[in-house]
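Residue strings, one per chain:
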Amino acid sequence: MAAGAQAVTLAEIAKLVDGELHGPESLGITGPSAIETASAGTIVFATSQEYLVQAEQSAAAALLLPRGLSSSAKPFINVDQPKIAFMRLLQDAVRPLPLAPGRHPTAVIDPAATISSHAQVGAYAVVERGARIGAGCRIYPFAYIGEDCELGDNCVVYPHAVLYQSVRLGDGCIVHAGAVLGADGFGFVWDGKQQVKVPQIGAVSIGENCEIGALSAVDRAMVGETKIGAGTKLDNMVQVGHNAQIGEHGVIAAQAGISGSATIGDRVMIAGQAGVGDHISITSDVALAARTAAIQNINQPGEYIGIPAQPAASGKRAMLLFAKLPELFARLRKLERRVGD
Amino acid sequence: MAAGAQAVTLAEIAKLVDGELHGPESLGITGPSAIETASAGTIVFATSQEYLVQAEQSAAAALLLPRGLSSSAKPFINVDQPKIAFMRLLQDAVRPLPLAPGRHPTAVIDPAATISSHAQVGAYAVVERGARIGAGCRIYPFAYIGEDCELGDNCVVYPHAVLYQSVRLGDGCIVHAGAVLGADGFGFVWDGKQQVKVPQIGAVSIGENCEIGALSAVDRAMVGETKIGAGTKLDNMVQVGHNAQIGEHGVIAAQAGISGSATIGDRVMIAGQAGVGDHISITSDVALAARTAAIQNINQPGEYIGIPAQPAASGKRAMLLFAKLPELFARLRKLERRVGD
Amino acid sequence: MAAGAQAVTLAEIAKLVDGELHGPESLGITGPSAIETASAGTIVFATSQEYLVQAEQSAAAALLLPRGLSSSAKPFINVDQPKIAFMRLLQDAVRPLPLAPGRHPTAVIDPAATISSHAQVGAYAVVERGARIGAGCRIYPFAYIGEDCELGDNCVVYPHAVLYQSVRLGDGCIVHAGAVLGADGFGFVWDGKQQVKVPQIGAVSIGENCEIGALSAVDRAMVGETKIGAGTKLDNMVQVGHNAQIGEHGVIAAQAGISGSATIGDRVMIAGQAGVGDHISITSDVALAARTAAIQNINQPGEYIGIPAQPAASGKRAMLLFAKLPELFARLRKLERRVGD
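A. Local environment of the overall build of chain A. Within chain A, the secondary structure is distributed over five helices and 39 strands. Taken over C-alpha atoms, the radius of gyration comes to 26 Å for chain A, far larger than the 20 Å a tight globule of 341 residues would show. Oriented by its inertia axes, the alpha-carbon framework of chain A measures out at about 80 × 75 × 30 Å. Across the 341 residues of chain A, 60% fall into the buried class. Within chain A, counting contacts between residues at least 6 apart in sequence, those at least 24 apart form 18% of the total. As displayed, chain A has an accessible area near 12,900 Å², and 50% of this comes from carbon and sulfur atoms. Across chain A, the mean location of the 26 positive side-chain charges is 8 Å away from that of the 31 negative side-chain charges.

B. Fine view of the confidence of the model for chain A. The pLDDT averaged across chain A works out to 95; a share of 98% of its residues lies at or above 70. The ipTM for the predicted assembly is 0.94, set against a pTM of 0.96.

C. Molecular detail of helix H3 (residues 82-93) of chain C. Taking 1.5 Å of rise per residue, 12 residues should cover 16 Å, and H3(C) covers 16 Å from first to last C-alpha, within 8% of that figure. Listed as buried for H3(C) are Pro82(C), Ala85(C), Phe86(C), Met87(C), Leu89(C), Leu90(C) and Ala93(C).

D. Spotlight on the state of the cysteines. All names here are of chain A. Throughout the structure, instances matching the rule amount to zero disulfides over all chains. The cysteine Cys155 is free of any disulfide, with Cys137 supplying the nearest cysteine sulfur at 4.5 Å. Given a relative accessible area of 0%, Cys155 falls into the buried group.

E. Main features of the packing of helix H5 (residues 325-340) of chain A against helix H4 (residues 312-322) of chain B. Look at H5(A) against H4(B): their axes get within 8 Å of each other, and the N-to-C directions meet at 60°. Every residue of H4(B) that contacts H5(A) at Leu325(A), Pro326(A) and Phe329(A) is listed here: Ser314(B), Arg317(B), Ala318(B), Leu321(B) and Phe322(B).

F. Quick look at the relation of the copies chain B and chain A. Each copy superposes on the other: chain B lies on chain A with an RMSD of 0.0 Å after a rotation of 120° and an axial shift of 0.0 Å. Here the copies are linked by what is in effect a three-fold axis.

G. Quick peek at the interface of chain B and chain A. Contacts between chain B and chain A engage 72 residues on the former and 57 residues on the latter. Where chain B meets chain A, there are four salt bridges. For the salt bridge of Arg95(A) with Glu147(B), the shortest nitrogen-to-oxygen distance reads 3.3 Å. The interface formed by chain B and chain A holds 20 residue pairs in polar contact (both at pLDDT 80 or more) in total.

H. How the structure looks around the pattern of salt bridges. Enumeration over the complete set of coordinates arrives at 33 salt bridges over all chains. Put simply, Arg168(A) and Glu225(A) hold a salt bridge, and the shortest N to O gap is 2.6 Å. Within this pair, whereas Arg168(A) is found in strand E18 (residues 167-169), its partner Glu225(A) is found in strand E26 (residues 225-228), the two being separated by 57 residues in sequence. Given a relative accessible area of 25%, Glu225(A) falls into the partly exposed group. Between Arg67(C) and Glu20(C) there is a salt bridge, with its nearest N and O atoms 3.7 Å apart.

I. Main features of a negative patch on the surface. A cluster of acidic side chains, namely Asp153(A), Asp171(A), Glu208(A) and Glu248(A), defines a negative patch on the protein surface. Assignment of secondary structure puts Asp171(A) in the loop between E18 and strand E19 (174-175).

J. Representation of unusual backbone geometry within the structure. Look at the link from Ile307(A) to Pro308(A): it is a cis peptide, with omega at 0°. Position of Pro308(A) relative to the elements: it lies in the loop between strand E38 (302-305) and strand E39 (310-311). Although it is not a glycine, Asn243(C) sits at a positive phi angle of roughly 70°. The residue Asn243(C) is located in the loop between strand E28 (239-240) and strand E29 (245-246) in this model.

K. Highlighting the sheet that holds strand E2 (residues 20-22) of chain B. Residue and element names in this part refer to chain B. The five strands lie next to each other as E2-E7-E6-E5-E4, forming an open sheet whose pairing is mixed. The open sheet is flanked by E2 and strand E4 (31-32), the only strands paired with a single partner. Relative to strand E7 (residues 76-79), E2 runs antiparallel, the two sharing three bridges. Considered in E7, the bridge of His22 is made with Phe76. Running at roughly 140° to strand E6 (residues 62-66), helix H3 (residues 82-93) makes contact with E4, strand E5 (42-45), E6 and E7 of the sheet.

L. Structural view of the environment of Gly229(A). Residue and element names in this part refer to chain A. The residue Gly229 is located in the loop between E26 and strand E27 (233-234) in this model. By relative accessible area, which is 9% here, Gly229 ends up buried. It is 22 Å that separates the C-alpha atoms of Gly229 and Ala290, two residues lying 61 residues apart in sequence. Other than its neighbours up to four places away in sequence, Gly229 contacts Gly207, Cys210, Ile246, Gly247 and Glu248.

M. Main features of the pairing of E26(A). Residue and element names in this part refer to chain A. Of the two faces of E26, the one holding Thr226 and Ile228 is buried and the one holding Glu225 and Lys227 is not buried anywhere. Bridging between strand E23 (residues 203-206) and E26 involves four bridges; their strand directions are parallel. Counted as the bridge partner of Val204 is Thr226 from E26. Sheet analysis places E26 next to strand E29 (residues 245-246), joined by two bridges and oriented parallel. Bridging from a neighbouring strand, Lys227 pairs with Gln245 of E29.

N. Structural context of the sheet that holds strand E2 (residues 20-22) of chain C. Residues and elements named next belong to chain C. Overall, mixed pairing links the five strands, which are arranged E2-E7-E6-E5-E4 in an open sheet. This sheet does not close on itself; its edge strands, each paired only once, are E2 and strand E4 (31-32). With respect to the sheet, H3 is in contact with E4, strand E5 (42-45), strand E6 (62-66) and strand E7 (76-79), its orientation differing from that of E6 by roughly 140°.

Parameters and conventions
In this convention, every chain numbers its residues from 1, walking through the sequence in written order. To label them, take the chains in the order written and letter them from A, then take the ligands in the order written and number them from 1. Thresholds applied to this predicted model are a pLDDT of at least 70 for local features of residues and 80 or more for the giving and counting of side-chain atom pairs; totals over whole chains, interfaces and linings are not thresholded and use all residues. Side-chain metrics in this entry use all non-hydrogen atoms of the structure; hydrogen atoms and water are not considered. What counts as a helix is a DSSP run of H or I of at least four residues, what counts as a strand is a run of E of at least two, and both are numbered from the N terminus. The reference for a compact globule is 2.2 Å times residues^0.38; the radius of gyration itself is calculated from the C-alpha atoms. Each residue is placed in one exposure class: buried if its accessible area under a 1.4 Å probe, protein chains only, is under 20% of its type's maximum, exposed if it is over 50%, and partly exposed if it falls in between. When checking whether two residues touch, look at their non-hydrogen atoms; a contact exists if any pair is within 4.5 Å. Computed with the Shrake-Rupley method and a 1.4 Å probe, the accessible areas treat only the protein chains shown as cover for residues. We count Lys and Arg on the positive side and Asp and Glu on the negative side, and we leave His and both chain ends out. Here the site of a charge means atom NZ of a Lys, CZ of an Arg, CG of an Asp or CD of a Glu. Residue-level confidence of the predictor is what pLDDT reports, using numbers from 0 through 100. In this scheme, a helix's expected span is set at 1.5 Å multiplied by one less than its residue total. The disulfide criterion is simple: two cysteine sulfur atoms within 2.5 Å. All axes are obtained by fitting lines to C-alpha atoms, using only the stretch in contact for helices, and the reported angles, taken between N-to-C directions, cover 0 to 180 degrees. Copy-to-copy superposition: least squares on the C-alpha atoms, limited to residues that have pLDDT of at least 70 in both copies. Definition used for salt bridges: Asp or Glu carboxyl oxygen within 4 Å of a side-chain nitrogen of Lys or Arg. Under this definition, polar contacts are N or O atom pairs within 3.5 Å; protein pairs additionally need one hydrogen-donor-capable and one acceptor-capable atom, and for neighbouring residues in sequence, both atoms have to be side-chain atoms. Exposure above 30% relative accessible area and the lack of any salt bridge qualify a residue for a patch; like charges then connect within 9 Å, and the nonpolar side chains Val, Leu, Ile, Met, Phe, Trp and Tyr within 5 Å. For two strands to be treated as a pair, DSSP must find at least two bridges joining them.

Here you go:
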């Protein structure tokens, strides 16, 4: 149902989302869209009366509504959970970037690499010796899969992603364009005259079903491995330093930075532009607000905010009071004068 | 007049900038330069007596001066606006990166792509099916122009830029090296056990005469489109989240981050490392200082600063007082002791 | 001694690090590792009794210890400086990414480029006219070495790095994957209707033995050159604006941003996500803590912290007091009530 795709009928959509159709079965729908930007011929979802009103005023051709809600203005489908049904439609509409089956003739593949016959390797990809690529993998143009890298099944590596050496991806990982996995960790020793490079010989290990955003970097360990646990998702331009250990099912938003040797538990949410200091330890089930700087260990689950990070309730209060500093100083001066009298 | 280029005469320069020559017509000038780093044979500009003194002491061979200012030390050209004249010389001196006419034999172009016969496509570029590239476009090596992308006329796409799918560039856009347009928006739903990816099927739309800096990313929308208005300039490493709507003629400096679904008006200036929260709305003619975090809507034009963003006047005062917190606490303690007596 | 490499004997290691062996000469060691993650067969170092206990409990096969320290649990080698000895082992274990000698047949090299016969150029690299590449250079796949770029001897350019034009690297530089050197500086002039691009015709000059991290950017100067001094190391995603002048032997951590025309002295350490404002000057031997924003000149060596940057001692105190703002306001209110009585 993507742009340019064939329209499907409302009846087919009702079947796909296991919903109850109230409207013409043969009505053609071009795809899912959002209420605010709905174009003619699309289907939108509304979860409440308030959104229903907006949806009815939109250009959409049909609505996904929770059971109990109905529209007299537009055809609709009642479903248990409109959001989930909508996601089902998105899944149906998404088109993978084009990639021919097999190996493109221009791909440069070392004879000592092992690539599943069910993997696809695009134009101008380079796969080095000792690399192993599992079934169902899609390696897009200009990807560099370095020596001894191992990709599980069904991984997607987008154009221009670089895996240096000894980078392991579990099944179902997605690596977006321009991401760099396995570059040298940033380690130097001052010898009195200059910074001497500490060689970085370790690996990168990324669990299954992880997503690495565009232009993100995960450095290789000095020794051992830099690790990201299964199911953890990184947004764009996220930096992960050498030997960092990140748990499972985390979410790290754009431009956040995780310093070297940091240890982060499971289900940790790190918002945009936040930072975690080197060797800092953060327990599971912690959420760091945007721009927060975790420079001390966090041992209690919960929300944190600020520079340095503090529990969200007091941190937000401190942040609001910051703006009142001029008032505070004025009041203090006034008091001093009165007491001085 | 670039390094290595033929020198031009002072008379030719005077003609180019529509200025009045005071000096030898045939003096050869190798190019424009800055006062601080001027090398012999170059021409510099000075807008005041103070800069004139510096310019005369520099190694430059000649000066661009406003009418009314003159030099007894070096040949000079009087012009209405020295800065504008200097920019004219820069325009004359700039050399585009080399690119042969037509399509390089190693470019992989899908037969279902439409490329103007007046466009240039470099070595190892990939252009996918349904892509349309207008006249005068320069596509540099390793660029990836994905499925159904549309480039207007005279766009420049530098090496290693990636346009995923359904990315539209208006006429005259510049996309710098390593920029990634159209990667998946960062959307997940927690299902109780794991983060489930919300498919991202939307587009990216960039108006005419925009510039996207090196290693910047503009994510595709979930549905609908992520939009950047005509004339808006992004510096390096700028992140623009899915469904963000940025107005016209804005300037966004390096490492700033615009979260998903943010709405930003026209002529908004966002300084380096600043951030705009998701779903935040910022009206036109706003300037955010460096590192500012806009986490509430901004409805009034003007300058803002701080975390969270506040009007610049009070925000700067609060920032200065922050450094005085130790003094403040000391004074408070002193007062408490006196009042306690 | 890398993963998969042949084991070496303990005697060979003792000789390599100039140490005194206490244990079986023929014991095979697979490589160096860290105490926390040591696997069987590896060698670790310990600098004190406390670490010795941990090392003895690890799976490591042998220990590097300072003279005067000994182990009854595991074979060990006494050396003058265990850390330095360990680095020596890392140097021995590190394996460069594979690259065939000479020029890969798919490399596109302009006839007017000059490449040492002792340099290696990988698959799908592009080298433009006027470029000069010294002996011992290793240019990895997809690197773009633009017009008139000059690389000294023994430089390494990793996959997907881009050098636009007139970028000079001194001997022994390392440029990591995705780094972009020489993109246009970010300069525009508002003409009343739109932002007009100021052409950027300058160069980038990087001294010998510098390292540029993955996905970092150093913009070309407007005129003159953007300069990084010998021995300075940049981590990943570091932004350096046009005409910035950075001294020698500095260390700039990930996601830091150096604005245009900033001037930074020698041996300056800039921690992660810190920023330096445009035209700001920082003297030599300064250290900026993580997230610090230097928006005024810094003329005294020392440590600085905060937004804006202040000397570390008072800055840290102010930062700690920030969290106490709610308490401060409460105490002030209490005082006001008492004094008001």
